[in-house]
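Letter by letter, the chains look like this.
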Amino acid sequence: MASKKPNVIFVLGGPGAGKGTQCARIAETDDYAHLSAGELLRDEAAKPDSTLGKEINEHLKNGSIVPVAITCKLLENAMQNSDKENFLIDGFPRNQDNINGWQKAMDGKVNIRCVLFFDCDEQVCVIRCLERGKASGRTDDNTESLRKRIITYNESTLPVIQMYEKANLVKRIDASNDVDTVFQDVQSVLSSIKS
Ligand code: UP5
Ligand code: MG
């Protein structure tokens, strides 16, 4: 992590809304490191010597939220191992407990610049994830896990987005559009927060 206080953008939205796709594009064109909380968890769970693998895998399959201490530690390590000053934190925080855990570990250490909210119709999200599931190998890209992921999103993550909205931090993007159109909207938001 650079010596300056890093800038963080939280990236939220339903399963399959396009968070990962858009973050990857931002990281190609702008000076941001893309940290996907879900990817970090999947990578940790896939390590043969991981003591947390079983617990994480259960949560992934059930679409439930991994204890914040685990996720936060993975994010913090990834930030420390990066030389970037700007971070896109994709898929986190997902509930109030995630916010509390993050604040406990990171309060005062980073600037939260905004929350990019990829707002996408539920049916569109389901179709995208099931399509991806044909080849992704993800244990949660199936009808049953998706049903649970959507419940978790509606019950736990939407209230987080609403809370950030009240704090005027949310930049909403219509994520039902095609990838290029969504990316154009993303770029407008990123330019607006630079100025
Ligand atoms: N696609 C993308 N954009 C498109 C567009 N505009 N038009 C048409 N197609 C588009 O995209 C999904 C699919 O849609 C891809 O095939 C893509 O090509 C296509 P993607 O960019 O991958 O969407 P994303 O929003 O990243 O979807 P993802 O499935 O990754 O979202 P989730 O939030 O469900 O998954 P995540 O990996 O963040 O979390 C998985 C699980 O990890 C959670 O359920 C939870 O159990 C756990 N978790 C925690 O416990 N804590 C955390 O902090 C984070 C995760
Ligand atoms: Mg993703």
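Model, not experiment: these values are computed from the prediction.

Caption draft 1: Region of interest: helix α1 (residues 19-29). By the burial criterion, the buried members of α1 are K19, Q22, C23 and I26. The buried residues of α1 all sit within an arc of 100 degrees when viewed along its axis, so they share a single face. Along its buried surface, α1 packs onto β1 (7-13), β2 (33-36), β3 (86-90), β4 (111-119) and α8 (179-194).

Caption draft 2: Looking closely at the environment of N142. Looking at the secondary structure, you find N142 in the loop between α6 (122-136) and α7 (143-166). Accessibility expressed as a C-beta count within 10 Å gives 13 for N142, which makes it partly exposed. Separated by 13 residues in the primary sequence, N142 and C129 have C-alpha atoms spaced 7.8 Å apart.

Caption draft 3: Examining the UniProt feature "binding site: CMP" (unreviewed entry) in the protein more closely. Residues annotated in UniProt with the feature "binding site: CMP" (unreviewed entry) correspond here to N98. As for its placement among the helices and strands, N98 is situated in helix α5 (residues 96-106). Not counting the four nearest positions on each side in its chain, N98 is found in contact with I65, V68, T71, F92 and P93.

Caption draft 4: Structural detail: the site of ligand 1. Around ligand 1 sit 31 residues in total, of which P15, G18, G20, G38 and G91 are the nearest. Of the residues belonging to the shell around ligand 1, the class tally is 11 nonpolar, 13 polar and seven charged.

Caption draft 5: Expanded view of unusual backbone geometry. Residues F92 and P93 are joined by a peptide bond in cis, for which omega reads 0 degrees. In this fold, P93 is placed in the loop between β3 and α5. Backbone geometry at N168 places phi at a positive 60 degrees, although glycine is not the residue there. Among the structural elements, N168 can be located in the loop between α7 and β5 (170-174).

Caption draft 6: A look at the packing of α1 against α8. Close contact between α1 and α8 brings their axes to 10 Å; oriented N to C, the two are set at 60 degrees. Here α8 runs oblique to α1, going by the angle between their axes. At the point where α1 passes α8, the crossing takes the right-handed sense. Facing α1, whose interface residues are T21, Q22, R25 and I26, α8 presents V179, V182, F183, V186 and L190. Looking at the contact of α1 with α8 residue by residue, the class counts come to six nonpolar, two polar and one charged.

Thresholds, definitions, all that
- Residues numbered from 1 in each chain as written.
- Chains lettered and ligands numbered in written order.
- Predicted model: local features only at pLDDT ≥ 70, side-chain atom pairs only at ≥ 80, totals over all residues.
- Buried ≥ 20, exposed ≤ 12 C-beta atoms within 10 Å, placed from the backbone.
- Helix = DSSP H or I, 4+ residues; strand = E, 2+ residues; numbered from the N terminus.
- Arc of directions from axis to C-beta.
- Contact = placed C-beta atoms within 7 Å.
- UniProt positions renumbered as here; feature names shortened; annotations may be inferred.
- Near = placed C-beta within 6 Å.
- Nonpolar A, V, L, I, M, F, W, Y, C, P; charged D, E, K, R; others polar.
- Axes fitted to C-alpha atoms, helices over the stretch in contact; angles between N-to-C directions.
- Parallel < 35°, antiparallel > 145°, perpendicular 65-115°, else oblique.
- Left-handed = near helix turned anticlockwise from the far one by under 90°.

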